[in-house]
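# Structure at a glance
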Amino acid sequence: MKPSVVAETPKNNIAVMVAAYKEDGIILSTAANLLALDYPAELYTVYILADSFQPETLQQLRQMPVEVIEVVFDKSTKARSLNAAFTRIEREHTIALICDADNMLEKDFLRKIDGEFARGERAVQGKRVAKNLDSSFAILDACSEAIGNHIFRKGSNALGLSSSVIGSGMAFDFAEMRQIMSGIDATGGFDKILQLKVVERGHSIRYLDDGLVFDEKIGNSKAFGDQRKRWVSSQHQYLNRYFLPSIRQLLRGNVNYFNLGILHNLVPPRSFLFVLLPLLVALSFFVHPAVAWVTASGVLLVLFLLSMVMGVPSTLVNKDLWRALLNLPRAVFIMFGTLLHLKKANKTFIHTVHTKTEVSNPVLKNYDKQ
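Quantities reported herein were computed from a predicted structural model and do not represent experimental measurements. (Residues numbered from 1 in each chain as written. Predicted model: local features only at pLDDT ≥ 70, side-chain atom pairs only at ≥ 80, totals over all residues. Heavy atoms only, no water.)

### A closer look at the side chain of Arg 111
- Topologically, Arg 111 is positioned in helix H4 (residues 109-118).
- Take Arg 111: its relative accessible area is 18%, and that puts it in the buried class.
- When residues no more than four places from it in sequence are discounted, the contact partners of Arg 111 are Val 5, Val 6, Ala 7, Glu 8, Pro 10, Asp 38, Tyr 39 and Pro 40. (Helix = DSSP H or I, 4+ residues; strand = E, 2+ residues; numbered from the N terminus. Buried < 20%, exposed > 50% of the residue type's maximum accessible area, 1.4 Å probe, protein only. Contact = heavy atoms within 4.5 Å.)

Shown next, in the form of structure tokens:
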């Protein structure tokens, strides 16, 4: 992969758009982090898209050098907040950086984004890493995201394909993003539609492997279940919706569209594979006991496990990880339970409550907490 580029003199004017729903507890710390980034103050503006905030929180935000855009909806979604903001932002920006309320950025993140756009990129996904590792579920969540980064983003770019996006820490050409978002009104998984519309225009999404976006990891089983329900629901929904369009795009030579629209959505959640592949090996003894069939099933399982191990950073491999793995069967059980509620999840905005106001990931030694 190409290394990131940091220009000595930044040129791009960046809109940092933070979609926030009932995030009174953490939004002030997030705003403070974004205002302290190593980038010329006159070249970026932090927009807080405040949905259902308390009056005192809004008052405190307005005392900071950020732009507060209040939004109100009968049915709140991230896509609607972004679209409302795009219609109300009057300043001239060249880049739109989409963040969540819990996201904090490393100091030079904007410089790296500026460098990528300076050399011609029009869509960039940052590397989301754990903001916290204070529970077993948070550690498992961090490992899951690291594996996803390794396979679906870094791996895709290494093959010459577009990276997928993750919903936050992603930057696009401002005018193009405004135009694309105007046609998106999704309850969940809006980023899956967004990435397809981006590659449909002939762009490839660049994964910034050294551009860190700190993201709060879930701390308990309920939050884990709610989050996975939302993810599995959107994966299932958009696989059905974009299956035929992806085939048509492939016939036109757009491999990126086919990869993101079908192949990425066809891959079952890794928790499912932890159960399904061992079952496949066991069943192979009874269904077709031939040595070749049993061997093929076993090799498939081993390759899957190796791919998981390769995606976990060495900094996460410690005694806390081994303790967290004891909760893996519970996590798998929760994942299978989400299958019973997919239809409801397609129509309901599922909000994850965030509480972490600083980066407390002890394995990231080089991060400056400011």
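Picking up after the structure, the text goes on.
### Digging into unusual backbone geometry
- In this model, Lys 22 sits at a positive phi of 50°, which is unusual for a non-glycine residue.
- The residue Lys 22 is located in the loop between strand S1 (14-21) and helix H1 (27-35) in this model.
- Of note, the phi angle at Ser 52 is positive, near 65°, even though the residue is not glycine.
- Within the element layout of this structure, Ser 52 appears in the loop between strand S2 (44-51) and helix H2 (55-61).
- For Ser 52, a relative accessible area of 37% puts it in the partly exposed group.

### Description of the nonpolar core
- Core analysis: the biggest nonpolar cluster contains 36 residues, and Met 17, Phe 172, Met 177, Met 181, Ile 184, Phe 190 and Leu 194 have the highest contact counts within it.
- For this core, the element with the highest residue contribution is helix H7 (residues 190-200), accounting for six residues.
- With near-sequence residues (within four places) excluded, Met 17 lies in contact with Tyr 47, Leu 82, Ala 85, Phe 86, Ile 89, Ala 96, Leu 97, Ile 98, Cys 99 and Phe 174.
- Of all hydrophobic cores here, the second largest spans 34 residues; its members include Leu 34, Leu 97, Leu 110 and Val 213. (Core = buried A, V, L, I, M, F, W, Y, C linked by side-chain atoms within 4.5 Å.)

### A short note on the packing of aromatic side chains
- Tallying each qualifying case throughout the model produces three aromatic pairs.
- Between Tyr 238 and Tyr 242 the ring centres are 6.2 Å apart and the planes differ by 35°, which places this aromatic pair in the tilted class. One end of the pair is Tyr 238 and the other is Tyr 242, both in helix H8 (residues 221-251) and four residues apart, which spans about a single turn. The residues Tyr 238 and Tyr 242 share a single accessibility class, namely buried. (Phe/Tyr/Trp six-rings, centres within 6.5 Å; stacked < 30°, edge-to-face > 60°.)

### Focus on the pattern of salt bridges
- Enumeration over the complete set of coordinates arrives at 18 salt bridges.
- Its salt-bridge partner being Asp 209, residue Lys 127 comes within 3.6 Å of it at the nearest N-O pair. A residue pair is termed long-range when its members are at least 10 positions apart, and Lys 127 in strand S6 (residues 123-130) and Asp 209 in strand S8 (residues 206-215) qualify at 82 residues.
- Here Lys 127 falls in the partly exposed class, since its relative accessible area comes to 23%.
- Linked by salt bridges that have partners in common, Arg 128, Glu 145, Asp 215 and Lys 217 make up one network. (Salt bridge = Lys/Arg side-chain N within 4 Å of Asp/Glu carboxyl O.)

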